[in-house]
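Overview (structure and organization)
Each chain, letter by letter, is given below.
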Amino acid sequence: MSVNTKNSNINNSITTFYSQEERQLRVDLAAAYRLINYYGMTDMIYTHISVRIKEEPPIFLINPYGMMFDEICASNLVPVDANGNKIDQADAEVNPAGFTIHSAIHLGCPNAHAIIHTHTVSGMAVAAMEEGLLPLNQISMEFYNRVAYHDYEGISLNLDERERLVASLGDKKCLILRNHGLLTVGETVAEAFFYMYYLNKACEIQVNVLSSNAKPIIPPPEICEHTAKQFEGPFLQNNREFQLVWEANRRLLDRLDSSYSDILPPNLP
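Only a predicted model underlies this, so the values are computations on that prediction, with no experimental measurement involved.

This paragraph deals with unusual backbone geometry. Going from Glu56 to Pro57, the amide bond is cis rather than trans, its omega being -10°. Here Pro57 shows up in the loop between strand S1 (48-54) and strand S2 (59-62). In this structure, Met44 takes a positive phi of about 50° despite not being glycine. Assignment of secondary structure puts Met44 in the loop between helix H2 (20-38) and S1. Taking the relative accessible area as the measure of exposure, Met44 reaches 56% and is therefore exposed. Phi at Asn145 is positive, roughly 55°, even though this residue is not glycine.

Structure (structure tokens):
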């Protein structure tokens, strides 16, 4: 039986270049980009999803600036250090505003291994509402008193804003950037994606309800808090729901287009 020498060499190079953990993180992160695109949460080449691949010194993966989310695969993600310096892929660009936001939270929040930031229409609409996110539906109540807010300071190019971003997020998983958009964090890509999908859904519900001009029904605070605690209890116990949703979405991607998982070291064809 003949051996495909080229494929064998590529597989050996992948094994040598990427650790097993980094390979998995690259595939998960690429999957998140494709899913955000699939669910209509993109803003062309803008916004970002990032994941921490090394603790010390801290190194993160982020999308190359200028690519659409449906072009992202495990191979073309760009590793950067805490100062935004690229570790390799010298020809790639990284959006400086995206780096400011993501580096701040990765560095300042130890459990924020994965971060998703979006500019969806509904997310930006709620970010422009003084009252913020309202508990209008069971999905919305998952986030009751569990969403942080950060006041708008302009395009995030100033590194001085990093400390304020971290202070605004605190110990929460979800951040509404006023007059800007949505941000979620997680210990895994699966967790950050789960929160982003449902936070954005809550914003869609709110925009639809308020645009109807009907008087909304808002349950009493004790019911809203009870519901939020139900989500925090057995429903999300041991991260099982995060993983079930993630695995289902990975299967969806594999049926649609499995190229997100293509992974080659830099400079290999």
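We now examine the pairing of strand S5 (residues 147-150). Of the strand pairs in this sheet, S5 and strand S6 (residues 174-177) are connected by four bridges, and their pairing is parallel. By the bridge assignment, Ala148 is partnered in S6 with Leu175.

It is worth spelling out helix H9 (residues 240-256) at this point. For an α-helix, 3.6 residues make a turn, and residues three or four places apart therefore share a direction. For H9, built from 17 residues, the straight-helix expectation of 24 Å at 1.5 Å per residue is met to within 8% by its first-to-last C-alpha distance of 24 Å. Residues of H9 that are buried: Glu241, Phe242, Trp246, Asn249, Arg250, Leu252 and Leu253. Down the axis of H9, the sector holding all buried residues measures 165°, keeping them to one side. The exposed residues of H9 that point more than 90 degrees off its buried face are Arg240 and Arg255. Where H9 is buried, its residues touch H2 and helix H7 (189-211).

Once that is clear, we can look at empty space enclosed by the protein. For the structure shown, the criterion picks out two cavities of 30 Å³ or more. The volume enclosed by the largest cavity comes to roughly 60 Å³. Lining the largest cavity are Ile101, His150, Asp151, Tyr152, Glu153, Gly154, Ser156, Glu161, Leu165, Leu177, Arg178 and His180. Residue composition of the lining of the largest cavity, by class: four nonpolar, four polar and four charged. Of the volumes computed, that of the second largest cavity is approximately 50 Å³. Around the second largest cavity sit Ser50, Phe60, Leu61, Ile62, Val80, Phe99, His102, Ser103 and His106, which together line it. Of all the secondary-structure elements, those providing two or more residues to the lining of the second largest cavity are S2 and helix H3 (96-108). It is H3 that contributes the most residues to the lining of the second largest cavity, four residues altogether.

Glancing now at helix H6 (residues 161-169). Buried within H6 are the following residues: Glu161, Arg162, Leu165, Val166 and Leu169. Summarising the axial view, the buried residues of H6 lie within an arc of 140°, below the 170-degree limit, and thus occupy one face. The exposed set on the far side of H6, more than 90 degrees from its buried face, consists of Glu163 and Ala167. Residue Gly170 follows H6 closely and has a positive phi angle near 60°.

Within this structure, the stated rule accounts for 12 aromatic pairs. Between Phe194 and Phe242, the ring centres sit 5.1 Å apart and the planes meet at 70°, which makes this aromatic pair edge-to-face. Of the two residues, Phe194 is situated in helix H7 and Phe242 in helix H9; the sequence distance between them amounts to 48 residues. Side by side, Phe194 and Phe242 carry an identical accessibility label, which is buried. Ring geometry for Tyr197 and Tyr198: centres 4.9 Å apart, planes at 80°, overall edge-to-face. By way of ring pairs, the aromatic residues Tyr38, Tyr39, Phe193, Phe194, Tyr195, Tyr197, Tyr198, Phe242 and Trp246 are connected into one cluster.

Let us now look at the confidence of the model for the chain. For the chain, per-residue confidence averages 88 on the pLDDT scale, and residues scoring 70 or more make up 90% of the total. The secondary-structure element of the chain with the lowest mean pLDDT is helix H1 (residues 5-17), recorded at 42, while helix H4 (residues 121-127) shows the highest, at 98. Considering only residues more than four positions removed or in separate chains, one finds that residues 1-16, a stretch of pLDDT under 50, has 11 contacts.

Our focus in this paragraph is the packing of H2 against H7. Orientation of H2 relative to H7, taken along the N-to-C sense of each, is 15°, at an axis distance of 10 Å. Overall, the two elements H2 and H7 adopt an arrangement that is roughly parallel. Helix-helix and strand crossings are classified by hand; for H2 and H7 the assignment is right-handed. Residues Asp28, Leu29, Ala32, Leu35 and Ile36 of H2 pack against Val189, Phe193 and Met196 of H7. Each residue belonging to the contact of H2 with H7 can be placed in one class, and the counts come to seven nonpolar, no polar and one charged.

How each quantity is defined
Residues numbered from 1 in each chain as written. Predicted model: local features only at pLDDT ≥ 70, side-chain atom pairs only at ≥ 80, totals over all residues. Heavy atoms only, no water. Helix = DSSP H or I, 4+ residues; strand = E, 2+ residues; numbered from the N terminus. Buried < 20%, exposed > 50% of the residue type's maximum accessible area, 1.4 Å probe, protein only. Pairing = 2+ DSSP bridges. Expected span 1.5 Å × (residues − 1). Arc of directions from axis to C-beta. Contact = heavy atoms within 4.5 Å. 1 Å grid on protein atoms, 1.4 Å probe; cavity = no way out; pocket = protein on both sides within 12 Å on 5 of 7 lines; lining within 4 Å. Points joined across faces, edges and corners; volume = space filled by probe spheres on them. Nonpolar A, V, L, I, M, F, W, Y, C, P; charged D, E, K, R; others polar. Phe/Tyr/Trp six-rings, centres within 6.5 Å; stacked < 30°, edge-to-face > 60°. pLDDT = per-residue confidence, 0-100. Axes fitted to C-alpha atoms, helices over the stretch in contact; angles between N-to-C directions. Parallel < 35°, antiparallel > 145°, perpendicular 65-115°, else oblique. Left-handed = near helix turned anticlockwise from the far one by under 90°.

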